[in-house]
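Coordinate analysis (summary)
What follows is each chain in one-letter form.
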Amino acid sequence: SFISISPIFHPVCTSWLISPEWIKYLAHVKTRRIDYLNQDFRNNAPSFFNSLLTLCTLSKTTVDNAWNVVNHSLLITDEAVTSDYLFARAYAVFNAYQTTAVEEFKRSLSIIDVQTQSMLVTAGNNVK
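It should be emphasised that the depicted structure is a prediction, and the values quoted were computed from it without experimental measurement. Counting restarts for each chain, with residues numbered from 1 along the sequence as it is written. Where totals are concerned, whole chains, interfaces and linings use all residues; where local detail is concerned, this predicted model gives features only for residues with pLDDT of at least 70, and gives and counts side-chain atom pairs only at 80 or more. Hydrogen atoms and water are omitted, and side-chain values are computed over all heavy atoms in the structure.

1. As for the nonpolar core
To form a nonpolar core, buried Ala, Val, Leu, Ile, Met, Phe, Trp, Tyr and Cys residues must be joined to one another through side-chain atoms within 4.5 Å. Think of it in three bands: with a 1.4 Å probe and only protein chains considered, a residue is buried below 20% of the maximum accessible area for its type, exposed above 50%, and partly exposed in between. Within the largest apolar cluster, 6 residues are counted, these being Val63, Ala66, Val70, Val93, Tyr97 and Ala101. Helix and strand assignments follow DSSP, with helices taken as H or I runs no shorter than four residues and strands as E runs no shorter than two, numbered in order from the N terminus. Elements with a contribution of two residues or more to this core: helix 2 (41-71) and helix 3 (83-125). The contact criterion used throughout is that any non-hydrogen atoms of two residues lie within 4.5 Å. In contact with Val70, not counting residues within four places along its chain, are Val93, Ala96 and Tyr97.

Spelled out as structure tokens, the structure:
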């Protein structure tokens, strides 16, 4: 092994802001006043941070899956290779990894978008 890749995620994805304890806490501090129901962030905060948690989990899973695919790209030769060739091969593998991860994440977000729109349309049709 000559190359190691370690992804770095957004700080929010490794913070306490998406911890189950924080989300539970937010669920208990919701305001009870009806007149501020839609204006007070505390009422929507648990859903907001749950959404962040879902996106962070999705991004980690996507990156891990992409790495598993690219990680199977081995370079086995019966002769020594030049450093330029090794660098070019590593660069190609990294680009494939990056492209695979980005495209998979976009595809997953697209599916989430379609499902969300479908749920909103269904909910809107059920309103009298």
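Now that the structure is up, let's keep going.
2. A short note on the environment of Pro20
Mapped onto the elements, Pro20 comes out in helix 1 (residues 20-28). We classify Pro20 as exposed; its relative accessible area is 51%. Put simply, Pro20 and Pro46 are 26 residues apart on the chain and 9.8 Å apart in space, counted from C-alpha to C-alpha.

3. Focus on the environment of Pro7
Turning to its location among the elements, Pro7 is positioned in the segment before helix 1. Overall, Pro7 belongs to the partly exposed group, its relative accessible area being 40%. Distance from Pro7 to Asp64, taken between C-alpha atoms, is 9.2 Å for residues 57 residues apart in sequence.

4. What about a nonpolar patch on the surface?
Distance thresholds for patches are 9 Å for like charges and 5 Å for nonpolar side chains (Val, Leu, Ile, Met, Phe, Trp, Tyr), applied to residues having over 30% relative accessible area and no salt bridge. Computed with the Shrake-Rupley method and a 1.4 Å probe, the accessible areas treat only the protein chains shown as cover for residues. Salt bridge, as applied in this entry: a Lys or Arg side-chain nitrogen positioned within 4 Å of an Asp or Glu carboxyl oxygen. On the surface, a cluster of nonpolar side chains totalling about 200 Å² of accessible area is made up of Leu55, Leu109 and Ile112. Structurally, Leu109 is set in helix 3. Leu109 gets classed as partly exposed once you look at its relative accessible area, which sits at 33%.

5. Overview of the packing of aromatic side chains
Planes of paired rings set the category: under 30 degrees apart is stacked, over 60 is edge-to-face and the rest tilted, where pairs are Phe, Tyr or Trp rings (Trp by its six-membered ring) whose centres lie within 6.5 Å. In total, this model carries 6 aromatic pairs according to the counting rule given. Look at Phe87 and Tyr91: their rings are 6.5 Å apart centre to centre, the planes differ by 25°, and that puts the pair in the stacked class. In this pair, Phe87 and Tyr91 are both assigned in helix 3, 4 residues apart and thus about one turn of the helix distant. Both residues of the pair, Phe87 and Tyr91, belong to the exposed class. Following the ring pairs from residue to residue traces out a cluster consisting of Trp16, Trp22, Tyr25, Phe48 and Phe49.

6. Details of the confidence of the model for the protein chain
Averaged over every residue, the pLDDT of the protein chain is 80; residues scoring 70 or more account for 83%. pLDDT is a residue-level measure of predictor confidence that goes from 0 to 100. Highest mean pLDDT in the protein chain belongs to helix 1 (89); lowest belongs to helix 3 (81).

7. Regarding the state of the cysteines
Two cysteine sulfur atoms form a disulfide, by the criterion used here, when they sit within 2.5 Å. Enumeration according to the criterion identifies 1 disulfide in this entry. The residue that forms a disulfide with Cys13 is Cys56, at a sulfur-sulfur distance of 2.0 Å. On the sign convention where negative means left-handed, the S-S torsion of about -75° between Cys13 and Cys56 marks this disulfide as left-handed. Linking Cys13 in the segment before helix 1 with Cys56 in helix 2, this pair joins segments that are 43 residues apart in sequence. Among the residues examined, Cys13 registers a relative accessible area of 23% and is labelled partly exposed.

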